[in-house]
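Understanding the architecture of this molecule
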2 protein chains.
Amino acid sequence: MECQDYGLTRNTEKINLNLNPLQRGGVLPVEARKALYEFSDGYSVCDYCSGRLDEISKPMIKDFLEDLALFVNTDHARTVHGAREGKFAVMHALCKPGDTIVIDGNAHYTTHVAAERAGLNMVEVPNNEYPNYEITPEGYKEVLDDLNDQGEEVSLALLTHVDGNYGNLSDASSIGKITHNAGVPLLLNCAYSMGRLPIDAKALNADFVVGSGHKSMAASGPIGVLGLKEEWADILLKKSHRHGVKELEMLGCTSRGAPIATLMASLPFVIERIKNWDNEVNDTREFVKHMEKIEGIVQLGVKPTKHDLIRLNTLIFDEIAAKHPRRGFFLYEELKKRNIVGIKRGQTKWFKCSLYGFNSEQKGYILNSFMEIVDKYQSNLD
Amino acid sequence: MECQDYGLTRNTEKINLNLNPLQRGGVLPVEARKALYEFSDGYSVCDYCSGRLDEISKPMIKDFLEDLALFVNTDHARTVHGAREGKFAVMHALCKPGDTIVIDGNAHYTTHVAAERAGLNMVEVPNNEYPNYEITPEGYKEVLDDLNDQGEEVSLALLTHVDGNYGNLSDASSIGKITHNAGVPLLLNCAYSMGRLPIDAKALNADFVVGSGHKSMAASGPIGVLGLKEEWADILLKKSHRHGVKELEMLGCTSRGAPIATLMASLPFVIERIKNWDNEVNDTREFVKHMEKIEGIVQLGVKPTKHDLIRLNTLIFDEIAAKHPRRGFFLYEELKKRNIVGIKRGQTKWFKCSLYGFNSEQKGYILNSFMEIVDKYQSNLD
């Protein structure tokens, strides 16, 4: 048989500024690129394995996992294939099919899919709707109280630390206190926070945290982080009856190759970059402030934002699209001409974006580009 | 906090010949190394995603998966994180906790761990013991008949196509016929075969096949292949109620990054190399023939071997070790001096090795090195 040329080149990041929030936190520093090169081959991290990936001492995976647990303040840390695989592992270990869990109304689709795969019944804590779409501690209390009144046992509560629609940073610490009062452990989905901003799982009252290497920890995908408190180790890190050293939920070993090498190489870089978090948030607020000066652009979600992912309603671009010969494609094309990508083709009513990790010159260029595009077409609207 | 230097360099393959069977099939060709570089960043394959990894057209993941299905002759193919994750997905989708499955006595530990994680009861078809350790169709028939007599329902049968202890190539086609006669679908674990030798899932009577990118398909880990017949698509590729395009057992998407780019880049290389399979097997037989001329060296498993992974009993090295000042370490150290690695430190009674993918000069050098080591010490034994 003959294969096609699958088009395995990627210029996106080489020649463009990419505003896709999904990808802003997963750009590799040079150290991680080197690690990827060193550990290219399959099973390359396994040269000195004596049965457990998480105990390999060359490269120093064992020490790295101890550092990772320190970094997020959990008693144990493991790598998994991604945040979703970490969520599924927690659900699968703690719950039986048919169990009820409580999740937030801003949860990522992978939370739903993981719970559905585990056969769980999800009860949602709704957000407070337009314009803030915020998840509140009161919401969790109400839902847990209601379920308690109905005599419904709850096996697990899950909270999205920062959601992918509005970039809202939830009050995990208060919500964790509420779920603990109800006797329910808390799983905190930190896919959009771990690696961008400091995470202290214990201060956040989280029994479990999951993070995403490829989303927010400057690692090559797929890789995630699963952190847990000691009290859950017996359940979540339960070992095989037949193969005494192998952890069941990890299927023995997880990251058998290059991605873990990149996560390891990136940790020092990530530890440094989270110190700059307040500046990233301030820059995002500045960007929003300037964008909102354009009539018809409004940021949704909590204001001022506490994260780099922002969602903007962009009525002005929708009005321009209505009169533009390229219709909805004009915005994508105007941005592309300026080497800016990451906003979906055809989308003009609203979009999500992030300027995370760009330097100030790049951030200024991006803002100016939006201004220029508005200026170019605004007169046509009158 | 401060990180240590985790030792993220790897010279194993740069300066040594690695005989570890686990790693012989996962060495990347240059095209895959380039792909790894292009798709280093997290979520880098997702630039043009509209909701499903397996339907992305740039890079051409969709076309690649169609080619992959052709390559192993299944109706559908997906990438998973590895063979073990593929096995778990099949077990989890087809079986309920408490169900009984039939597996072979040569199964990899990950088969046991996946089944244990899924809460399944495993009934084993034993191998025929020393010296062949072969799994026979009669064995499957007997176990299935017995279970039938006991009124025990069997949800799934699993067979290890080539096992990792003896390199025995099992008669999947006959065993598949037997399980089908008993109304039981067959999952074939091709971790040591897919990518090394031609796989025709339909001819092998397999309902499901799993393969390992990092073990046998010249890909960077972790990545695996899951192939299935159309009749199982509704169950195994079942979609989420809530997110209609997302496949539950895949948790929406699996290989979110670099490993899939390497698997894609390697497919043409792998298609070519399997054409050379008979030569690889002949070279292995030649190697065994010469090694067995040394008194005290015997190949276990089916003879002549039908695979590159071989297990040798090496009494001679154990005798040398008994008198050597470095005891059991002497063999590892003598090989290392000759830039040969992959045989466990301290092991002399027996070892597994593979010469897969080396050129004839390298294969000759490896054989000569063993001869040299025997010659050097044999006189001491008398």
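Residues numbered from 1 in each chain as written. Chains lettered and ligands numbered in written order. Predicted model: local features only at pLDDT ≥ 70, side-chain atom pairs only at ≥ 80, totals over all residues.

1. Observations concerning the relation of the copies chain B and chain A
Put simply, the rule is: To line up the copies, we fit them by least squares on C-alpha atoms, keeping just the residues with pLDDT of at least 70 in both. We call two residues in contact whenever the C-beta atoms placed from their backbones are within 7 Å.
Of the transformation placing chain B onto chain A, the axial shift is 0.0 Å and the rotation is 180°, giving an RMSD of 0.0 Å. Those values place the two copies in the arrangement expected of a two-fold rotation axis. Looking at chain B, 100% of its interface residues are interface residues in chain A too, so the copies touch through the same face.

2. So, helix α14 (residues 329-337) of chain A
Our working definition: Any residue with 12 or fewer other C-beta atoms within 10 Å of its own C-beta is exposed, any with 20 or more is buried, and the rest are partly exposed; the C-beta atoms used are placed from the backbone. A helix here means a DSSP run of H or I that spans at least four residues, while a strand means a run of E at least two residues long, and both kinds are numbered starting from the N terminus.
Within the span of α14 of chain A, buried status applies to F330, L331, Y332, E334 and L335 of chain A. Turning to α14 of chain A, the residues buried within the fold contact α13 (315-323), β11 (340-341) and α15 (360-381) of chain A.

3. Overview of the domain arrangement of chain A
All names here are of chain A. What counts is decided by this rule: Domain boundaries shown here were taken from an automatic or database domain assignment. In this classification, Asp, Glu, Lys and Arg are treated as charged, Ala, Val, Leu, Ile, Met, Phe, Trp, Tyr, Cys and Pro as nonpolar, and every other residue, Gly included, as polar.
Taken domain by domain, chain A holds domain 1 (12-19 + 309-381) and domain 2 (30-273). Centre-to-centre, using C-alpha coordinates, domain 1 lies 33 Å away from domain 2. Contact residues are listed per partner, giving four residues for domain 1 and six residues for domain 2. Taken together, the residues of the side of domain 1 that touches domain 2 break down into three nonpolar, no polar and one charged.

4. With respect to the pairing of strand β3 (residues 100-104) of chain A
Residues and elements named next belong to chain A. Here is the rule: Only strands joined by at least two bridges in the DSSP assignment are considered to pair. Handedness is read with the strands pointing away from the viewer; a crossover is right-handed when the path from the first strand over the helix to the second is clockwise.
In terms of residue burial, β3 counts as a mostly covered element, since four of its five residues are buried. Relative to strand β4 (residues 121-125), β3 runs parallel, the two sharing five bridges. Each bridged residue has a counterpart across the sheet, and for I103 the counterpart in β4 is E124. With respect to chirality, the unit in which β3 leads through helix α6 (residues 109-117) into the neighbouring parallel β4 is right-handed.

5. Considering the interface of chain B and chain A
How large an interface is tends to be reported as the accessible area lost when its parts come together. Taken together, the contacts link 74 residues of chain B with 74 residues of chain A. Among the secondary structure elements, those contributing two or more residues to the side of chain B that touches chain A are α1 (12-15), α2 (21-24), α3 (30-38), α4 (61-72), α5 (83-94), α6 (109-117), α9 (213-216) and α11 (258-273) of chain B. Considering every element that reaches the side of chain B that touches chain A, the biggest residue donor is α11 of chain B, with eight residues. Of the residues belonging to the side of chain B that touches chain A, the class tally is 33 nonpolar, 23 polar and 18 charged.

6. Here we look at helix α13 (residues 315-323) of chain B
Residues and elements named next belong to chain B. The following threshold applies: The arc in question is the one traced by the directions running from the helix axis out to the C-beta atoms.
Here α13 has its buried residues at F317, I320 and A321. For α13, the angular spread of buried residues about the axis comes to 105°, placing them on one side. In α13, the exposed positions that point more than 90 degrees away from the buried face belong to A322 and K323. Considering only its buried residues, α13 is in contact with β10 (310-314), α14 (329-337) and α15 (360-381).

7. Here we look at the sheet that holds strand β2 (residues 76-80) of chain A
All names here are of chain A. The test is simple: For every element, the axis is a line fit to its C-alpha atoms; helices are fit only across the contacting stretch, and the angle between N-to-C directions ranges from 0 to 180 degrees.
Reading across the sheet, the seven strands line up as β2-β8-β7-β6-β5-β3-β4 and stay open at both edges, with mixed pairing between neighbours. Every other strand in the sheet has two partners, leaving β2 and β4 as the edge strands with one partner each. The mean inter-strand angle of the sheet, taken between neighbouring strand axes irrespective of direction, is 20°. Across three bridges, the pairing between strand β6 (residues 186-189) and strand β7 (residues 208-212) is parallel. Note on β7: the bridge partner recorded for L188 is V209. Packed onto the sheet, helix α5 (residues 83-94) meets β2, β5 (154-160), β6, β7 and β8 (224-228) and runs at close to 155° relative to β7. Most of the contacts of helix α7 (residues 137-149) go to β4, to which it runs at about 140°, and overall it touches β3, β4 and β5.

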